[in-house]
Amino acid sequence: MTVDSASARRIERAGETLSRVRDEVGRAVVGQKAMVDRLLIGLLTGGHVLLEGVPGLAKTLAVSSLAKTLSLKFRRIQFTPDLLPADLTGTLIYNPKEGTFSAKKGPLFSNIVLADEVNRAPAKVQSALLEAMQEKQVTLGDDTHPLDEPFLVLATQNPIEQEGTYPLPEAQSDRFMLKVKVGYPERAEEKEILRRAGLGSMPELKSQATREQVLESRAALSAVYVDDKIQEYVLDLVTATRRPKDFGLPLDHLVSYGASPRATLFLVRGAQGFALIRGRPYVLPDDVKAVALDVLRHRIQVSYEAEAEGVDGEEVARRILEQVRVP
């Protein structure tokens, strides 16, 4: 393990900053610590996050609370079937006196964008969002406008209601670094929610990190050490999604397409982010396992036979994690 003292101090400072942010978000959001950690990993790595869960699980609250604690520009876009690309990107306004056009920038020109119920928007809107996510830029007329860093799209979707929705195509869902399944709170957590609801008002969150501190924490990410054995483990996991038979896994009939090299990169960066949140200067196999399902569940395309058996990409990834040897 080779981490110099200067890098170790940067990682320690980043860990302290992120710890303050987590604690402050926890004042507004009860439980859901795993979801908050994944949002922070997205912020650190520049990878976008898709949150999937039934209504009422504090997805929107967690995103808005995170933005408040970071002193970053935040916009929420409620996706609907009648949304137009210009509602996201902005448009050109004509000035008749001067005979010129000027750009009126839309809500995508923010640091954190909450795309609420992203699967309710038609294909043209989704493609406009895709350019911003992938290229970190927006095209208005003939001009291309770069987006400010950090830029992060945090999207939500409801898995139980499909009427009036436009399911994200594989090419677009693959642009999300993490797909996070948000579950119900524990009984004790729900009791705490009940107690807090009686207070009548939400706590006023205070900023715990500036934009400069966020960018500094991002810069510290690359200093988190990834051993060669960890890299080999990541490669084994991703290869097993494509050729499970090579690892003694009887899953060939369940998988149509495995994960792409993008999954390999995101697994390593996600593990680095998980370690950094804990102020640790090196990656453990458990860090990889912690983010693996979120990285892989939407990148493994299962066969019709798997669908008939009720097996999805997440279940395939779970079986691979159980069987592939840990270093």
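The structure this text deals with has already been given above.
Keep in mind that what you see is a predicted model, and the values were worked out from it rather than measured.

Parameters and conventions
- Residues numbered from 1 in each chain as written.
- Predicted model: local features only at pLDDT ≥ 70, side-chain atom pairs only at ≥ 80, totals over all residues.
- Heavy atoms only, no water.
- Helix = DSSP H or I, 4+ residues; strand = E, 2+ residues; numbered from the N terminus.
- Rg over C-alpha atoms; globule rule 2.2 N^0.38 Å.
- Buried < 20%, exposed > 50% of the residue type's maximum accessible area, 1.4 Å probe, protein only.
- Contact = heavy atoms within 4.5 Å.
- Areas by Shrake-Rupley, 256 points an atom, 1.4 Å probe, with all protein chains shown as cover.
- Lys, Arg positive; Asp, Glu negative; His and termini not counted.
- Charge placed at Lys NZ, Arg CZ, Asp CG, Glu CD.
- Pairing = 2+ DSSP bridges.
- Axes fitted to C-alpha atoms, helices over the stretch in contact; angles between N-to-C directions.
- Salt bridge = Lys/Arg side-chain N within 4 Å of Asp/Glu carboxyl O.

Participant: Describe the overall build of the chain, listing the residues and the values that go with them.
Facilitator: When helices and strands are tallied, the chain shows 13 helices and 11 strands. A compact globule built from 327 residues should have a C-alpha radius of gyration of about 20 Å, and the chain, at 21 Å, falls within 12% of that. Overall, the C-alpha framework of the chain stretches about 70 × 50 × 45 Å when taken along its three principal axes. Looking at the 327 residues of the chain, the share that counts as buried comes to 49%. Considering only intrachain contacts with a sequence separation of at least 6, the fraction spanning at least 24 residues in the chain is 78%. For the chain, the exposed surface amounts to about 16100 Å²; the carbon and sulfur share of it is 50%. One way to put it: in the chain the 43 positive side-chain charges average out to a point 4 Å from where the 45 negative ones average out.

Participant: So what about the pairing of strand S1 (residues 48-52)? Which residues, and what values?
Facilitator: Remember that side chains alternate between the two faces of the sheet whenever the strand is regular. Along S1, 5 of the 5 residues are buried, which leaves the element largely enclosed by surrounding structure. Side chains His48, Leu50 and Glu52 project from S1 onto one buried face, and the interleaved Val49 and Leu51 project onto a second face that is buried too. Taken together, the 5 bridges between S1 and strand S9 (residues 176-181) define a ladder with parallel strand orientation. Among the inter-strand pairings, Val49 is bridged to a residue of S9, identified as Leu178. Pairing between S1 and strand S8 (residues 152-157): 4 bridges, direction parallel. Each bridged residue has a counterpart across the sheet, and for Leu51 the counterpart in S8 is Thr156.

Participant: Could you give me a rundown of the sheet that holds S9, with the residues and numbers involved?
Facilitator: In spatial order, the strands read S2-S5-S8-S1-S9; together these 5 strands make up an open sheet with parallel pairing. On the outer flanks of this sheet lie strand S2 (74-78) and S9, each paired with one strand and no other. Put simply, the sheet's adjacent strands are angled 15 degrees from each other on average, direction ignored.

Participant: I'd love a proper account of the pattern of salt bridges, names of residues and values included.
Facilitator: Here the structure, examined in full by the defined rule, presents 20 salt bridges. For the salt bridge of Asp116 with Arg76, the shortest nitrogen-to-oxygen distance reads 2.7 Å. Linking Asp116 in strand S5 (residues 112-116) with Arg76 in strand S2, this pair joins segments that are 40 residues apart in sequence.

Participant: Account for helix H3 (residues 59-68), with residues named and values stated.
Facilitator: Within H3, 7 of the 10 residues are buried, which leaves it mostly tucked inside the rest of the structure. By the burial criterion, the buried members of H3 are Lys59, Ala62, Val63, Ser64, Ser65, Leu66 and Ala67. In the core, the buried residues of H3 are packed alongside helix H1 (5-26), helix H2 (33-45), S1, S2, S5 and S8.

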